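Remarks on the overall topology
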Amino acid sequence: MQEILKGILEETKEQIEKVVSLPELEEIRIKVMGKKGQLTEILKGMGKLSPEDRKEMGRIANQTKGEIEAAINNAFKALKEKAQEAKLRAEKIDITEPAKEIKLGTKHPLTVTMEEIAKVFKSMGFTLTEGPEIETVFNNFDALNAGPNHPARDWTDTFYVNEEVLLRTQTSPVQVRTLQSQKPPIRVFAPGRCFRCDTPDATHSPMFHQVEGLVVDEGITMADLKGVLDSFAKQMFGEETKTKFRPHHFPFTEPSAEMDVSCFKCGGKGCRVCKGSGWIEILGCGMVHPSVLNVGGIDTEKYTGFAFGMGVERVAMLKYGIDDIRLLYENDMRFIEQFK
Ligand code: DAH
C-alpha cells in the first residue's frame, strides 16, 4: 500500500508540474481526491487493515494527501498569477498612440442661408420672432384676409389637424400674432417651417422654410418697403444686384408685389439659372392690408406697414446652385459637406 501511495504522489506531482490551466488542475484534483478519487478510495479501504497497520498507513496516507494538497494549492496560485498578468498585459493602454480623429459635422445649407438672411435683417434693426408650426385656421387664413373660398384653404392643399387647426402653410400667421401682441413701432422677421400637400419633386417639398418680415409704424410707405428689400438683396446677393417690383396679388397686402433680383450668376445677361430672363423672383411683399392691421387692433388712421415673405429653399438653391430641393432633406454628408 505504501508503494501505491508513493506512486500516486509521484505521478500526481509530475502531472501537476505540466498543468497549464485551472480546469486541467481541477481535473487532477478530482482524479486523486474527488469522491471516487485514487486517494479517497485508499482512505476508504483503511478500515479493513489491522489496527497497527491502519495507524501507520493512515499517517502515510494523510501525509501524501497533505503533500498533494500543497502541490495543488501552489499550482493554483501560480496559474492565477499568470492569468492575471496576461489579463493586465492584454488591457494595457498605449498612451502614445495617436487619438482617433473626431469628425465634426457642418452647418446645413438651409441653416447657413437662414443665418445669412437673419444677419441682414438684424443689421437693419429687425428683431427675430417665431410662431408655432401648428396654427389655427384663423391665423393662417381668416386673419390674413384669405376669404372662405381661397384656393389654398382646400383640404387637398393644406394639412389640417381638424377644422380649426392646421400645419401652417406660410409664416405669415406670425404677422397676426405679432400685431396682436406688440404695439408699433414693429420691426420683426420670423423664420420657420411651413407645410403644404405637395408631392416631392425637384422644386416641391411638403415641408419647406420661409422667412417673414413685418414693419408697422407711423408714415411707413412703399418707399420704405422698396428701400429695405433692395438693401437686403444687395447684402445677400452682392452690391451690384438690381431689384424689380412686379404687381401681384396677396390677400393680406394691398398693393402687393413680387420682387425679382438681377441674376447673380450672369449679372442679367440671361443664363440657365435665370432661365434666360436675367431676373430671378425672390419674394412676395406688399403694404399690410388695413383689415389685417385691424385684427391686431392697430389704429389704421395712424399706422401703416409693409410685409414680405420668402422661401429659404429657393434662395439657398439659387445661391448655391442646387438643382433639386430633395437633396436638402436627405442628410447625405457628401452633399452637406460641400457648404463648409
Ligand atoms: N405668404 C406668402 C406665400 O407663402 C408670401 C408673402 C407674400 C408674404 C407677401 C408676405 C407678403 O408677408 O407681404 O406665398
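Predicted, not measured: the structure shown is a model, and the values here were computed from it.

Here the focus is the overall build of the protein chain. The helix and strand tally for the protein chain stands at eleven helices and nine strands. Here the protein chain has a C-alpha radius of gyration of 43 Å; the compact-globule value for 340 residues is 20 Å, and the former is much larger. The dimensions of the protein chain, computed from C-alpha atoms along their principal axes, are 130 × 45 × 35 Å. When each of the 340 residues of the protein chain is scored for burial, the buried share is 41%. Restricting the contact set of the protein chain to residue pairs at least 6 apart, pairs at least 24 apart contribute 66%. Split by element, the accessible area of the protein chain, about 19,800 Å² in all, is 53% carbon and sulfur. Of note, the protein chain has its 46 positive side-chain charges centred 6 Å away from the centre of its 51 negative side-chain charges.

Across the junction of P184 and P185, the peptide omega takes the value 0 degrees, indicating a cis bond. Within the fold, P185 resides in the loop between α7 (173–181) and β4 (186–195). Cis peptide bonds are those with omega within 30 degrees of zero, and the linkage from E254 to P255 qualifies with -5 degrees. Tracing the chain through its elements places P255 in strand β7 (residues 253–262). A positive phi angle, near 55 degrees, is found at K275, a position not held by glycine.

Among the secondary structure elements, E258 is positioned in strand β7. Judged by relative accessible area, which is 11%, E258 ranks as buried. Ignoring anything within four residues of it in the chain, the contact list for E258 reads K244, F245, R246, H248, F250, E281, L283 and G284.

One pass over the full model with this rule turns up eleven aromatic pairs. Ring geometry for F121 and F308: centres 4.9 Å apart, planes at 20 degrees, overall stacked. Here the residue F121 occupies a position in helix α5 (residues 109–123), and F308 occupies one in strand β9 (residues 303–311), the gap between them amounting to 187 residues. Each member of the pair F121 and F308 is classed as buried. Judged by centre distance (5.9 Å) and plane angle (25 degrees), the rings of F250 and F252 are stacked. Overall, F252 belongs to the buried group, its relative accessible area being 10%. Through successive ring pairs, a cluster of aromatic residues spans F121, F126, F189, F232, F306 and F308.

About the cut-offs
- Residues numbered from 1 in each chain as written.
- Predicted model: local features only at pLDDT ≥ 70, side-chain atom pairs only at ≥ 80, totals over all residues.
- Heavy atoms only, no water.
- Helix = DSSP H or I, 4+ residues; strand = E, 2+ residues; numbered from the N terminus.
- Rg over C-alpha atoms; globule rule 2.2 N^0.38 Å.
- Buried < 20%, exposed > 50% of the residue type's maximum accessible area, 1.4 Å probe, protein only.
- Contact = heavy atoms within 4.5 Å.
- Areas by Shrake-Rupley, 256 points an atom, 1.4 Å probe, with all protein chains shown as cover.
- Lys, Arg positive; Asp, Glu negative; His and termini not counted.
- Charge placed at Lys NZ, Arg CZ, Asp CG, Glu CD.
- Phe/Tyr/Trp six-rings, centres within 6.5 Å; stacked < 30°, edge-to-face > 60°.

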